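Read off the chains here:
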Amino acid sequence: MKKYFIICIFLLSAMSANAQREGTWWHFGYNVGFDFTEVFNGNATYPKAICNAPLRQNEGVFSISDKNGNWLMSSDGKYIYTPGSIKGATFPLPTNSADGDFSINKNNILFGNSSATQSGIMCPVPGETSLYYIFTIDDKQSNPRKGINYSIIDLAANNGIGELVTGKINKSVTYGYQKNSLTERYTAANVMENITLTPSSDGNYWLVSIFGSHFHAWKVTKDGVSDTPVLSLSSYEFASTTSSNSYRGGLGHIRISADGTRIAYAIDQASNTTPVGIFGTAFFNNSTGEVTSSKHATKNIAAYGVEFSPSNEWLYLTNMGSAGFIKFSDLANGSMNNYRNMITTGEFNAVMGPKGIMYMIVRGSSTLYTIDDPNNPDTAVPANTYKAHPNFFACGGASVYPFNGLPNFMPSFFLVKALTGPTELCTGAEGEFILEAEQGTSGYGAEYIEWDMGDNTKYYTGDHPLADPSTKPWPTDNLHKIKHTYTSSGIKTIRTNPYNSNGLMPDKEVTLNITVKDCVTYIYINPHLRAKIIQ
């Protein structure tokens, strides 16, 4: 009997909340959005425009789909819409409709606000299939301020329409102590309009925001949100953002790179007439929640959005009136001197999408802008960095168009869970090898896997021209399967390596050693039968 041994190599246990197809459906602005289904299927470069999305909001929005790309829910921080809740509705709704019509929580409003730059963000409750955390943040002009809160939704409840979990609605986070104080805690009045999530190294999440003198990081587990945030000093001390402050002061985004190691932010500390943009960087430890090497620079532009390139080398800044780019390393040195404007008309926002393409919208315009190669902006002619798609949102009505907001997603990284297969084989015998791997956020994660079988044979799975079509563009069950027969004996080392638009992804190789033997088959012949044969 042949013996087959299975080994598992676990690299990371973090759950990827936006692992590729979970970002299929984007809802934003005034009833518009993106459908990336055909992009993920490999049949299109750009998404299909949506002109009947349920959200109708100015700024902060967030959406999530399941791992197969089916839309699950969208929100503006106040109301939650699901496929079940909007049945029978036609969007845009009539002008006499009430706020929250066709949402699941019209009578139980969340404490977020669509006028907040990043009004909220979602992630699965670790270990659960139908429960999701919804984190919200209100805008700085809310009175009274609500700050950062979280709720839990059960998408399987109410016959699949979904409902908020009793006792888990609008629960405030616990704030840490202010700088140089052991008695005075931060309050909701200190909170600005930025919030993000990133996977932690132990399979949970970190909820991160910057305000006051600190970066604030709360651990998020299946049991809830940590009572004590990890506080790390920021190089810039932000003013409180009560309703009496200027119109713009305190708005802006925070982002964490898809590999969970870098932070960038763009915060406006302006008065109504004089823009003062604060642009900062730092490094994040997704094991401890600590932030280090905080640096910032100022520039007299109205700061609003920031996004990482897939390589993390470049930052794209989208402002109230312009958009441009700068190297992370330059900003990490506290300088905006090498910032390059690429477009100077309009109020922009940008988010990474599938296949390494960045999507940029401008308030009130039907034109879509794409940055098809964000890893390589044109520093000589910055305007060549983007491509305009006029009338992309040709929705047949003046009231349906993008505004300032794009969905707030949690980036995730390529994640190998296990490489399995026989560790002993005979020459001429076929063995099956399986790599279980989550793809990661499109633009940051992997596109295909290269298999080196250790005998000068290579295979490919995923979005590669030589890959088995059944694995394209990525196996829906995350199981990459290869069958191989060795013709020579010896110790063979299988090496799997992920590739994306940047090429080989470093430090992601997984190996499996196999002993291949020239097996001899012995046939036993009964001596008595042998004698009869001879006779």
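Here is a short report on the structure shown in this document. (Residues numbered from 1 in each chain as written. Predicted model: local features only at pLDDT ≥ 70, side-chain atom pairs only at ≥ 80, totals over all residues. Heavy atoms only, no water.)

**Brief notes about the pairing of strand S4 (residues 62–65)**
Residues Phe62 and Ile64 of S4 are buried on one face, and the alternating residues Ser63 and Ser65, pointing to the opposite face, are buried as well. Pairing analysis gives four bridges linking S4 to strand S5 (residues 71–75), with the strands arranged antiparallel. The residue of S5 that forms the bridge with Phe62 is Ser75. Joining the antiparallel neighbours S4 and S5 is a turn of five residues, in which Gly69 adopts a positive phi near 90°. (Buried < 20%, exposed > 50% of the residue type's maximum accessible area, 1.4 Å probe, protein only. Helix = DSSP H or I, 4+ residues; strand = E, 2+ residues; numbered from the N terminus. Pairing = 2+ DSSP bridges.)

**Focus on the side chain of Thr370**
Position of Thr370 relative to the elements: it lies in strand S27 (residues 368–371). Reaching out from Thr370, the side chain makes a polar contact with the side chain of Asp372 at a distance of 2.8 Å. The residues contacting Thr370, other than those within four sequence positions of it, are Tyr46, Ile357, Met358, Tyr359, Thr385, Tyr386, Lys387 and His389. (Polar contact = N/O pair within 3.5 Å; in protein donor to acceptor, adjacent residues only side chain to side chain. Contact = heavy atoms within 4.5 Å.)

**Digging into the sheet that holds S5**
Strands pair in a sheet through their backbones, by hydrogen bonds, and they do so in one of two ways: parallel or antiparallel. With antiparallel pairing, the three strands of this open sheet are ordered in space as S4-S5-S6. At either end of the open sheet lies a strand with only one pairing partner, and these are S4 and strand S6 (80–81).

**Brief notes about the packing of aromatic side chains**
Any aromatic ring pair is given by two values, namely how distant the centres are and how the planes are angled relative to each other. Scanning the model with the defined rule gives 34 aromatic pairs in all. An angle of 75° between the planes, with centres 6.3 Å apart, marks the rings of Phe91 and Phe102 as edge-to-face. Remark: Phe102 occurs in the loop between S6 and strand S7 (120–124) and Phe91 occurs in the loop between S6 and S7; sequence separation between them is eleven residues. Accessibility expressed as a relative area gives 9% for Phe91, which makes it buried. Between Phe283 and Phe328, the ring centres sit 5.6 Å apart and the planes meet at 75°, which makes this aromatic pair edge-to-face. On the criterion of sequence distance, the pair formed by Phe283 in strand S19 (residues 277–284) and Phe328 in helix H2 (residues 328–332) is long-range, its members being 45 residues apart. A relative accessible area of 32% places Phe283 in the partly exposed class. Taken together, the aromatic side chains of Trp26, Phe28, Phe34, Phe36, Phe40, Tyr359, Phe392, Phe393 and Phe409 make up a single cluster linked through ring pairs. (Phe/Tyr/Trp six-rings, centres within 6.5 Å; stacked < 30°, edge-to-face > 60°.)

**A word on the state of the cysteines**
What makes a disulfide is a covalent bond joining the sulfur atoms belonging to two cysteines. A complete count under the given rule lists two disulfides for this structure. The disulfide bridge from Cys51 ends at Cys395, spanning 2.1 Å between sulfur atoms. The S-S bond linking Cys51 to Cys395 shows a torsion near -70°; that makes this disulfide left-handed. On the criterion of sequence distance, the pair formed by Cys51 in the loop between strand S3 (48–50) and S4 and Cys395 in the loop between strand S28 (387–389) and strand S29 (415–420) is long-range, its members being 344 residues apart. By relative accessible area, which is 26% here, Cys51 ends up partly exposed. Residue Cys426 pairs covalently with Cys519 via a disulfide, S to S 1.8 Å. As the torsion about the S-S bond is roughly -85°, the Cys426-Cys519 disulfide counts as left-handed. Taken together, the residues span a long stretch of sequence, with Cys426 in strand S30 (residues 424–426) and Cys519 in the loop between strand S37 (510–517) and helix H3 (527–534) at a distance of 93 residues. Here the cysteine-cysteine linkages of the protein chain are recorded as 1-2, 3-4, numbering only bonded cysteines and doing so in sequence order. (Disulfide = S-S within 2.5 Å.)

By themselves, these observations are geometric and do not establish any function.
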